[in-house]
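Given next are the chains, with one letter for each unit.
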Amino acid sequence: MTRKLFGTDGVRGTANIEPMTAETALKLGMAAGRHFTRGDHRHMVVIGKDTRLSGYLLEPALTAGFISVGMDVVLLGPLPTPAVAMLTRSLRADLGVVISASHNPYEDNGIKLFGPDGFKLSDEDELTIEAKMSNGLEAYRVGSDHLGRAKRLDDANGRYIEYAKNTFPRGLRLDGLKIVVDCANGAAYKVAPTVLWELGAEVVPVAVSPDGFNINKNCGSLYTEVMREQVVAHGAHLGIALDGDADRVVLCDELGNMIDGDQLMALIGDLWHRSGQLKGGGVVATVMSNLGLERFLAQRGLGMVRTNVGDRYVLEHMRRDGFNVGGEQSGHIILSDYSTTGDGLVAALQVLAALIQSGKPASEMLRLFTPLPQVLKNVRVAGASVVEVLANSAVEAAIAAGEAKLSGQGRLLIRKSGTEPLIRVMAEGEDLTLVTAVVDDIVETVRRVAG
């Protein structure tokens, strides 16, 4: 049985269009609340969100659903996804909810669920919740004397600020560092600059004025031009760019050169290996991570395990096999010694600690390997089904031809997005011209078939 409502990172879609409607959010709250009502204690759910306008639509609908099945609701307001996961555990809640579409534009929104352990739900839990939603919810409603209550946690920001600071080495400060931090007009717009400032840095904040519409708009981890320009203009030592819910991060050095998630995993993995902190004998990455990372780790006697795209799959493998460093090239960095999910700010703090301790500029410290040429292009599928397009004989033939051209010289990855109606075409190899040609041929065929 496959999930229909949940994707690779919760439920996601265009706001006020199914499934991102108040009606579905209400049902999801009821079903998830019922699923996590276990035992005879007073049950509680915490709800955080990013800064999208549609958060005002979905938050009260979810709240009503949880209250109707007898759950108390603690509202956190705009707060990073990892902060919600942390507070779910800290408050001993039965469930955590994040209302966010991460790096997507404001028109989209999503709902992510965390269990009482602060980890994202398993496929089995999501399937059970979907089944409850489709089987009628009348029986889950409690009597009027057993309804839940809602309250707002006024110091949620402060709790996460202290938690993040405690992941930074004691006795170390950021005095003397000038840091540009781009908060994507998203969930970290208050907490990220505050953490850096309290640790002693001179902070240049970017995209910290959310208006409901400007989240991720020409800012954040997918649009880094402004951050890089500000780093150079202010003579900063480092740039940090978060996404809308701050569970991913990319950096740039003092010259404005980008540092992606693969380089961050290389740095943290190597440092933790040399300090004896690394577990699992390597790192966990996805099929998208560059072959250069794999070679870098191998040179240090470390392994790299690849999973499907999605931080939940990275984390599942980390938990199962005892790794404590994993992530994605896009900047989801999971450091399980500290967090149960990707945390962009905590990952950035690890890098800053390494910079302070080394005394070297970021341009010398953060680029540990030369990536192989890698070309990724996305094709939006408007009318046809993504699955149908990928199963088309012409597309299959184009993919087979691309694999034949790259045989022994690189690798090809074709996959559908788990959060948008996109087909992603990626090729990697020693020869950039060949890699580009292979991707372009497949993209052209996919576009023709998809119309």
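Look up a bit, the structure's there.
One structure accompanies this document, and this report is about it.

Parameters at a glance
- Residues numbered from 1 in each chain as written.
- Predicted model: local features only at pLDDT ≥ 70, side-chain atom pairs only at ≥ 80, totals over all residues.
- Heavy atoms only, no water.
- Helix = DSSP H or I, 4+ residues; strand = E, 2+ residues; numbered from the N terminus.
- Rg over C-alpha atoms; globule rule 2.2 N^0.38 Å.
- Buried < 20%, exposed > 50% of the residue type's maximum accessible area, 1.4 Å probe, protein only.
- Areas by Shrake-Rupley, 256 points an atom, 1.4 Å probe, with all protein chains shown as cover.
- Lys, Arg positive; Asp, Glu negative; His and termini not counted.
- Charge placed at Lys NZ, Arg CZ, Asp CG, Glu CD.
- Pairing = 2+ DSSP bridges.
- Axes fitted to C-alpha atoms, helices over the stretch in contact; angles between N-to-C directions.
- Contact = heavy atoms within 4.5 Å.
- Salt bridge = Lys/Arg side-chain N within 4 Å of Asp/Glu carboxyl O.
- Phe/Tyr/Trp six-rings, centres within 6.5 Å; stacked < 30°, edge-to-face > 60°.
- Lys NZ or Arg CZ within 6 Å of the ring centre and 35° of its normal.
- Polar contact = N/O pair within 3.5 Å; in protein donor to acceptor, adjacent residues only side chain to side chain.
- Left-handed = near helix turned anticlockwise from the far one by under 90°.
- Nonpolar A, V, L, I, M, F, W, Y, C, P; charged D, E, K, R; others polar.
- Core = buried A, V, L, I, M, F, W, Y, C linked by side-chain atoms within 4.5 Å.
- Patch = residues over 30% accessible without salt bridge, like charges linked within 9 Å, V, L, I, M, F, W, Y side chains within 5 Å.

**Overview of the overall build of the protein chain**
Broken down by element type, the protein chain carries 15 helices and 18 strands. Radius of gyration (C-alpha) of the protein chain: 22 Å, near the 22 Å computed for a compact globule of 451 residues. Its C-alpha atoms put the protein chain at 65 × 60 × 40 Å along the principal axes. Of all 451 residues assigned to the protein chain, the portion counted as buried reaches 57%. Here the protein chain displays about 18200 Å² of accessible surface, and carbon together with sulfur accounts for 50% of that area. Averaging the coordinates of the 46 positive side-chain charges in the protein chain and doing the same for the 54 negative ones gives two points 3 Å apart.

**A short note on the sheet that holds strand β18 (residues 422-429)**
Judged by pairing direction, the sheet is antiparallel, and its three strands sit side by side in the order β16-β18-β17 without closing on themselves. Across the chains shown, the open sheet's two edge strands, defined by having one partner strand only, are β16 (374-380) and β17 (410-416). Here the strands of the sheet are splayed against their neighbours by 10 degrees on average, with no regard to which way each runs.

**A word on the environment of L255**
The topology assignment puts L255 in the loop between β10 (249-252) and β11 (258-259). A relative accessible area of 54% means that L255 is categorised as exposed. Separated by 17 residues in sequence, L255 and L238 have C-alpha atoms that sit 8.7 Å apart. Ignoring any residue separated from it by four or fewer positions in sequence, one finds L255 in contact with V232 and S363.

**A few points about the pattern of salt bridges**
All chains considered together, the criterion is met by 28 salt bridges. Between E430 and R295 there is a salt bridge whose closest N-O contact spans 3.2 Å. With E430 in the loop between β18 and α15 (432-450) and R295 in helix α9 (residues 291-299), this residue pair connects regions lying 135 residues apart in the sequence. Relative accessible area serves as the criterion here: at 39%, R295 is assigned to the partly exposed category. Between D321 and R320 there is a salt bridge, and its shortest N-O distance comes to 3.9 Å. Using a relative accessible area of 56% as the deciding quantity, one classes R320 as exposed.

**A few points about the packing of aromatic side chains**
In this description, a pair of aromatic rings is defined by centroid distance and the angle of the planes. Inspection of every chain in the model, using the stated rule, returns four aromatic pairs. Ring geometry for Y160 versus Y163: centroids 5.7 Å apart, planes at 35 degrees, classification tilted. One end of the pair is Y160 and the other is Y163, both in helix α5 (residues 156-165) and three residues apart, which spans about a single turn. Classification of Y163 by relative accessible area gives buried; the value is 15%. Seen from their ring centres, W272 and Y338 are 6.1 Å apart, and the 75 degrees between their planes marks the pair as edge-to-face. Placement of W272 in helix α8 (residues 261-275) and of Y338 in the loop between β15 (333-335) and α11 (344-358) is noted, with a sequence separation of 66 residues between them. Positioned above the aromatic ring of F36, the side-chain terminus of R38 is 4.7 Å from the ring centre. The ring of F119 has R319 lying over it, and the distance from NZ or CZ to the ring centre is 3.5 Å.

**Some words on the side chain of D94**
Relative to the helices and strands, D94 is located in the loop between α3 (81-90) and β4 (95-99). Of the side chains with opposite charge, R38 comes closest to the buried, unpaired D94, at an N-O distance of 7.6 Å. A polar contact is formed between the side chain of D94 and the side chain of H41, at a distance of 2.8 Å. Excluding its chain neighbours within four sequence positions, the residues that come into contact with D94 are F36, H41, R42, H43, M44, M71, G115 and P116.

**Topic: helix α10 (residues 311-321)**
Regarding α10, the residues found buried are D311, R312, Y313, V314, L315, H317 and M318. The inward-facing, buried residues of α10 contact α4 (123-134), β12 (282-286), β13 (303-307), β14 (325-327) and β15. Following α10 by one or two positions, G322 has its phi on the positive side, about 80 degrees.

**Some details on the packing of helix α1 (residues 22-35) against helix α2 (residues 55-68)**
The N-to-C vectors of α1 and α2 enclose an angle of 35 degrees; their axes lie 7 Å apart at closest approach. For the crossing formed where α1 meets α2, the hand is right-handed. Contacts between α1 and α2 involve A22, A25, L26, G29, M30, A32 and G33 from the first element and L57, L58, A61, L62, A64, G65, F66 and S68 from the second. Its residues assigned to classes, the contact of α1 with α2 comprises 11 nonpolar, four polar and no charged.

**Structural notes on the nonpolar core**
Formed by 71 residues in total, the largest nonpolar core has its most connected members in L76, L174, L196, I240, L251, L352 and L366. Looking at this core, the element that brings in the most residues is α11, giving 10 residues. Once you skip the residues sitting within four places of it in the chain, L366 turns out to touch L238, L251, I259, Q263, L267 and V351. Listed in part, the 30 residues of the second largest apolar core include A32, A61, V97 and I111.

**As for a nonpolar patch on the surface**
A contiguous nonpolar patch, built from L53, Y56 and F213 and spanning about 340 Å² of accessible area, is present on the exposed surface. In this fold, L53 is placed in the loop between β2 (44-49) and α2.

Treat this as a map of the structure, not an account of what it does.
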